[in-house]
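Next come the chains, spelled out residue by residue.
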Amino acid sequence: MRKALLIALVGPVLFAACDPPAGERPAWNDINVIRENVEAPRAIFTAQRNDDDASYYQSLNGDWKFNYSDSPAARPAGSSNPAG
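What you see is a predicted model, and the numbers here were worked out from it, not measured in a lab.

It is worth spelling out the overall build of the chain at this point. Looking only at helices and strands, the chain features one helix and zero strands. Looking at the chain as a whole, 4% of its 84 residues qualify as buried. Surface summary for the chain: the accessible area is close to 8,900 Å², and the carbon and sulfur share equals 57%.

In structure tokens, the structure reads:
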């Protein structure tokens, strides 16, 4: 009985002593830290300055071929061939 009482009284004190204060926790163990060492999210846009720069860009306007299949096995034969 004494052993159980001693464990019940001393156990929580030992566990509390092992846990560092919230401000001193490493970032991977702190629930208040969501991101660390990351850049702010942003969208990057590039503009085509003139017709001389057209060789660096490819227009996506035009006819596209699409085919939806429920699984890769159900796709039509030759659908992965861009020339066909």
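Right, let's get into the pattern of salt bridges. Tallied over the full model, the rule gives one salt bridge. Between Glu39 and Arg42 there is a salt bridge, with its nearest N and O atoms 3.0 Å apart. The exposure class of Arg42 is exposed, given its relative accessible area of 58%.

Another aspect to go through is the packing of aromatic side chains. Within the structure shown, the criterion is met by one aromatic pair. Judged by centre distance (6.0 Å) and plane angle (10°), the rings of Trp64 and Phe66 are stacked. What makes Trp64 exposed here is its relative accessible area of 54%.

Attention now goes to unusual backbone geometry. You will see that Asn37, though not glycine, has its phi angle at about 60°, which is positive. The topology assignment puts Asn37 in the segment after α1 (2-18). You can call Asn37 exposed: its relative accessible area is 79%.

Right, let's get into a nonpolar patch on the surface. Judged by side-chain polarity, Leu5, Leu6, Leu9 and Val10 come together as a nonpolar surface patch covering roughly 380 Å² of accessible area. Within the fold, Leu6 resides in helix α1.

Take the side chain of Asp30 next. Summarising the element assignment, Asp30 is placed in the segment after α1. Exposure remark for Asp30: the relative accessible area of 17% places this residue in the buried category. Engagement of the side chain of Asp30 in a polar contact is seen with the backbone nitrogen of Asn32, the distance being 3.2 Å.

Rules used throughout
Residues numbered from 1 in each chain as written. Predicted model: local features only at pLDDT ≥ 70, side-chain atom pairs only at ≥ 80, totals over all residues. Heavy atoms only, no water. Helix = DSSP H or I, 4+ residues; strand = E, 2+ residues; numbered from the N terminus. Buried < 20%, exposed > 50% of the residue type's maximum accessible area, 1.4 Å probe, protein only. Areas by Shrake-Rupley, 256 points an atom, 1.4 Å probe, with all protein chains shown as cover. Salt bridge = Lys/Arg side-chain N within 4 Å of Asp/Glu carboxyl O. Phe/Tyr/Trp six-rings, centres within 6.5 Å; stacked < 30°, edge-to-face > 60°. Patch = residues over 30% accessible without salt bridge, like charges linked within 9 Å, V, L, I, M, F, W, Y side chains within 5 Å. Polar contact = N/O pair within 3.5 Å; in protein donor to acceptor, adjacent residues only side chain to side chain.

All quantities given are derived from atomic positions and should not be read as evidence of function.
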